[in-house]
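Spelled out, the chains give:
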Amino acid sequence: MKNRGTGWIKRKGRTAAAAAGILAVGAMSVLSACGSGKTSTGEISQTQNESTAPGGQSAKGRYMEEEIALPEEIAGNGFVDVVQKEDKSLVFCIPDENSRARLYSLDSKSGWTEGEAVAEPEGIRPSKMMQDENGIYYYGGFDDNYIFHLWTTQEDGTTRELLSDVFKVQEGKDYGIIPDFIAALPGESFLVSQTSQADIYQSDGRMRASLAQDFIGMDVRIPVSVSGEECLTLNNQKLVRYNLETGTQTGSYDLPDKGRDVWQMPVFTDDEGYVYVASQTGLYRTGRDGTVWEQLIDGSLNSMGRQDMFMRSFFKGPDNDYYGVFSTGDSRLKVLHYYYDETVDTVPPETLTVYALRDNATVRQAASILQKNNPQVKVDFRIAVENEEEEVTEDVIRALNTELLNGKGADVLILDGLPMQTYKNKGILADITSLFEADKDDLLANVRSNFTAEDGKIYYMPARIDVPVIFGEPEAVAAFQDIDKMAAYDKTQSLFAPDIYENIINMTSYTCYKELFNENGTVDGDVLARYLAAVKNAGEKGNVQVSYAQADMERFMVNNTVIPRGFGRQSSYNVVAKRCAAGAEIFNSIDSAMLPLSAAVIVNSEIESLGGIYMPNVVAGINASSPNRENAEAFIKTLFDTEVQDESLRDGFSVRSSSLDKWAKTESESSVSMSSGEGIYLSGSWPVQADRDKIMAIVRTASIPALIDQQIVDMIVDGSKDYLNGKETVEDAVQAIENKMKLYVNERE
């Protein structure tokens, strides 16, 4: 056994007594529900948001975060699983430098201790670990035939398999049980969770009970916990409590964070009967029979809110502290410790407001990092339309414009979908040129040049870019990008797969961007008439409709869903299925290229840039009227710093050259596949180095930012419906659209 000593942690500004007494006194005044608190099920008590204590002084005390350094030999590794012992220490199963699973324990007093290697049945590596009430460890993993095996280690070092008859492939089945969670129960019985149920098996393999739960479709179930005779799991989008002896449900809780991905929320209990849920927004707890959730830790103020980390487990420590176990974007282990510090302000004294029409992972990532590095600052991320399916209306933008013109509004503006050039012309946006001076040579030249104004200054800059690509039959590839060629396209294979015209117009507003739009984002009447006629001609040959009746949905295997930007159905799968002659896709990360690259090989084509355009995302600027300029500049710097730019969050490519170099060198075992009732199967794997280099070349050389005003595209969609349905002429449609555009532009300018 190798002990790593106590040098596993570095602490700044922590007082000596951040333990039970402080939590009982200081934290209770912060965390307990106030007298007029909410009482309905699932609501949250957040009295810690009160920023002043009696007497007008700032309230003090909140949980702070520190990262626990890993032993050097496993610092770059992932981990198999983690369990907590009775003494509150954590035991990790981690591949060592020889890829052999080994136990490492983490104790708050003695730090890391290297343990013994895990005994493995021949040809099987552990993918799960658990322990029973006596501290005996059990392991599970798959063999080469993807059959699961459960075993423990005997005193002589050999392995002993359990429940082999349960996990073997049953007669008439193609595969056996694929568990997403297993818990060891007394008497070598086990709770085995899979898909939409969790079954309790006795040691002889007989099933004792079955618990209903929600399907998650992942190989690891995060929101589940077993303690004593009870199990907590999700069922019908609620956290439910089951008795493991009888299999009956004994209680339920509404989730405290319904707006987030519930499949990534660890749940656990403590010795006092409290129930805990952790998520990106923080750590919450309630009593065993509670109805109000207390927010113990605000995840927006630390790394819990980061978008590049996957929360795997959460535990309560021995001193009213907590431990979060995360996997990073590159599958590495990260352990974070949360301790209570009564010397810091309960609520950060400074607030920075950030406004966006839609939620965004990169913005949240930057906010999390900024707040972690600056405990005195809280980022208030204001999202105009939180429901992804809800439309951004003219009224939303009009209200924002009024606020900004009156010298008000958020400190930082995320300008996606907003009239950024108009804001610049009206003096709403501050000059942020100096923020890019130090790293200007690392900023992609194709981005920097297009977002530097005529006066040589920068007023806004995208932190991410998407690149649209195309592949397929050469004539179809050309027709996607040229109005006249689209109108004349007359091959046997239709240009478009069945889709609604709204998606086709949204997509082709990008594929024909250079030909369609003027510099101010409008469309000339004659060009619009040619464009609508071309879309209708190609659309009719591909069974495109304004809206499908139920019978046609079934016939053409399509629906009336509106897809953002319209890209989605003229895709890799439909090209392979020969439902369209070319596929137009949006690359926003390396893994987004897996299926298109595979499809291009199948149809003997090459992926190429779509007209040399790119789609700017997370376009950030500073409100010239902001009184919080220093923090606003710090946010912009964080947004473009390598800590954000180096990570792929699947919302666009980095705009830093050095970050793209790192992306290009990234190796992964990721793969993806899709199939349908047509009997067509399409799969793709992580691109090889040559393909990754090609993707990065497309990103670096795309030279035209497609700054499309969605309000104008929506006018084209709405104004062309009767023409596309054959109810009016193209001239009538164009006239109505032009009238709306003129009114809109006059108001915008």
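These numbers come from a predicted model, not from an experiment.

The subject of this paragraph is the overall build of the protein chain. Scanning the protein chain from terminus to terminus reveals 20 helices and 37 strands. Taken against the 2.2 N^0.38 rule, which gives 27 Å for 749 residues, the C-alpha radius of gyration of the protein chain at 28 Å falls within 12% of a compact globule. Structurally, the protein chain occupies a C-alpha span of about 80 × 75 × 50 Å along its principal axes. Within the protein chain, residue pairs in contact and separated by at least 24 positions form 62% of the contacts whose partners lie at least 6 positions apart. Of the roughly 33100 Å² of accessible surface on the protein chain, a fraction of 45% belongs to carbon and sulfur atoms.

On to the pattern of salt bridges. The final tally for this structure, using the stated rule, is 43 salt bridges. When the shortest N-O distance is used, the salt bridge between aspartate 289 and arginine 241 registers 3.7 Å. Here arginine 241 lies in strand E18 (residues 238-243) and aspartate 289 lies in the loop between strand E22 (282-286) and strand E23 (292-298), a separation of 48 residues in the sequence. The exposure class of arginine 241 is buried, given its relative accessible area of 5%. Between arginine 398 and aspartate 395 there is a salt bridge; the shortest N-O distance is 2.8 Å. Of this pair, arginine 398 and aspartate 395 are both found in helix H4 (residues 394-405), three residues apart, which corresponds to roughly one turn of the helix. Of the residues examined, arginine 398 reaches a relative accessible area of 32% and is grouped as partly exposed.

This paragraph deals with the sheet that holds strand E15 (residues 207-212). Where strands meet in a sheet, backbone hydrogen bonds hold them as pairs that are either parallel or antiparallel. Strand order in the open sheet made by the four strands is E12-E13-E14-E15, with antiparallel pairing throughout. Of all the strands in the sheet, just strand E12 (181-185) and E15 have a single pairing partner and so form its edges. Strand-to-strand twist across the sheet, computed as the mean angle between neighbouring axes with direction ignored, equals 15°.

Glancing now at the packing of aromatic side chains. Counted by the stated rule, this structure contains 21 aromatic pairs. Arranged with centres 5.2 Å apart and planes meeting at 85°, the rings of tyrosine 138 and phenylalanine 190 form a pair that is edge-to-face. With tyrosine 138 in strand E9 (residues 137-142) and phenylalanine 190 in strand E13 (residues 189-194), this residue pair connects regions lying 52 residues apart in the sequence. Across the pair, exposure class does not vary: tyrosine 138 and phenylalanine 190 are buried alike. Sitting over the face of the ring of tyrosine 723, lysine 536 holds its NZ or CZ atom 4.6 Å from the ring centroid.

Another aspect to go through is the pairing of strand E21 (residues 275-279). For E21, a buried count of five out of five residues is recorded, marking the element as mostly surrounded by other parts of the structure. Along E21, one buried face is formed by Val275, Val277 and Ser279 and the opposite face, lined by Tyr276 and Ala278, is buried too. Alignment of strand E20 (residues 267-269) against E21, held across three bridges, turns out to be antiparallel. By the bridge assignment for E21, threonine 269 is matched with valine 275. In this structure, the hairpin formed by E20 and E21 is closed by a connection of five residues, where glycine 273 is found at a positive phi of approximately 95°. The pairing of E21 with E22 spans five bridges and is classified as antiparallel. From the neighbouring strand, tyrosine 276 faces E22, where its bridge partner is arginine 285.

Within strand E25 (residues 322-328), seven of the seven residues are buried, which leaves it mostly tucked inside the rest of the structure. Sheet topology places strand E24 (residues 309-316) next to E25; seven bridges connect them, and they run antiparallel. Each residue of the ladder has a partner; that of phenylalanine 310, found in E25, is serine 327. Linking E24 back to E25 in an antiparallel pair, the connection comprises five residues, with asparagine 320 at a positive phi of about 55°.

As a further point, take the packing of helix H9 (residues 501-511) against helix H11 (residues 525-541). Interhelical geometry of H9 versus H11 gives an angle of 125° and a closest axis separation of 11 Å. Our classification of the angle between H9 and H11 gives oblique. Note on packing geometry: the crossing formed by H9 with H11 is right-handed. Listed contacts from H11 to Tyr501, Ile504, Ile505, Thr508 and Ser509 of H9 are Tyr531, Val535, Lys536, Gly539 and Glu540. Split into classes, the residues belonging to the contact of H9 with H11 amount to five nonpolar, three polar and two charged.

Attention now moves to the nonpolar core. Residues Leu352, Val354, Leu415, Phe436, Phe635, Phe640 and Phe653 are the most contacted members of the largest nonpolar core, which totals 85 residues. One finds Ala476, Phe496, Val523 and Met615 within the second-largest nonpolar core, a separate group that totals 53 residues.

What follows covers the sheet that holds E25. Strand order across the open sheet formed by four strands is E3-E26-E25-E24, with antiparallel pairing between neighbours. Among the strands making up the open sheet, the edge pair consists of strand E3 (60-68) and E24. Geometrically, the sheet is characterised by an average inter-axis angle of 30° between neighbouring strands, direction not taken into account.

Let us look at the side chain of serine 626. Structurally, serine 626 is set in the loop between strand E33 (613-622) and helix H15 (629-640). Assessed through its relative accessible area of 12%, serine 626 is described here as buried.

Attention now goes to the state of the cysteines. Scanning all chains against the criterion turns up zero disulfides. The thiol of cysteine 580 is unpaired, and the distance to the nearest cysteine sulfur, on cysteine 512, comes to 15 Å.

Parameters at a glance
Every residue gets a number counted from 1 within its own chain, in the order that chain's sequence is written. The predicted nature of this model means local features are confined to residues of pLDDT at least 70 and side-chain atom pairs, given and counted, to a pLDDT of 80 or more, with totals for whole chains, interfaces and linings taken over all residues. As a rule here, side-chain values come from all non-hydrogen atoms in the structure, and water together with hydrogens is ignored. Starting at the N terminus, helices and strands are each numbered in turn, a helix being any DSSP run of H or I of at least four residues and a strand any DSSP run of E of at least two. Radius of gyration: C-alpha atoms only; globule rule: 2.2 Å multiplied by the number of residues to the exponent 0.38. Residue contacts are defined here by distance: any two heavy atoms, one from each residue, within 4.5 Å place the two residues in contact. To be clear on the numbers: accessible area is Shrake-Rupley with a 1.4 Å probe, and residue cover counts the displayed protein chains and nothing else. Each salt bridge in this description consists of a side-chain nitrogen of Lys or Arg and a carboxyl oxygen of Asp or Glu lying within 4 Å of one another. Any residue under 20% of the maximum accessible area for its type is buried, any over 50% is exposed, and the rest in between are partly exposed; the area is computed with a 1.4 Å probe on protein chains only. We treat two strands as partners when DSSP finds at least two bridges between them. Geometry is summarised by axes, namely lines fitted to C-alpha atoms with helices restricted to the contacting stretch, and by angles between N-to-C directions that run from 0 to 180 degrees. Any two rings among Phe, Tyr and Trp, with Trp reduced to its six-membered ring, count as a pair given centres within 6.5 Å; such a pair is stacked if its planes are under 30 degrees apart, edge-to-face if over 60, and tilted if neither. Charge over a ring is defined by NZ of Lys or CZ of Arg lying within 6 Å of the ring centre and within 35 degrees of the ring normal. Oblique is the label for any angle not covered by the other classes, which are roughly parallel (under 35 degrees), roughly antiparallel (over 145) and roughly perpendicular (65 to 115). In this scheme the handedness of a crossing depends on how the near helix is turned from the far one: anticlockwise by less than a right angle means left-handed, clockwise means right-handed. Classification convention: Asp, Glu, Lys, Arg as charged; Ala, Val, Leu, Ile, Met, Phe, Trp, Tyr, Cys, Pro as nonpolar; all other residues, Gly among them, as polar. Joining through side-chain atoms within 4.5 Å is the link that ties buried Ala, Val, Leu, Ile, Met, Phe, Trp, Tyr and Cys residues into a set, and such a set is a nonpolar core. Only a pair of cysteine sulfur atoms within 2.5 Å counts as a disulfide in this structure description.

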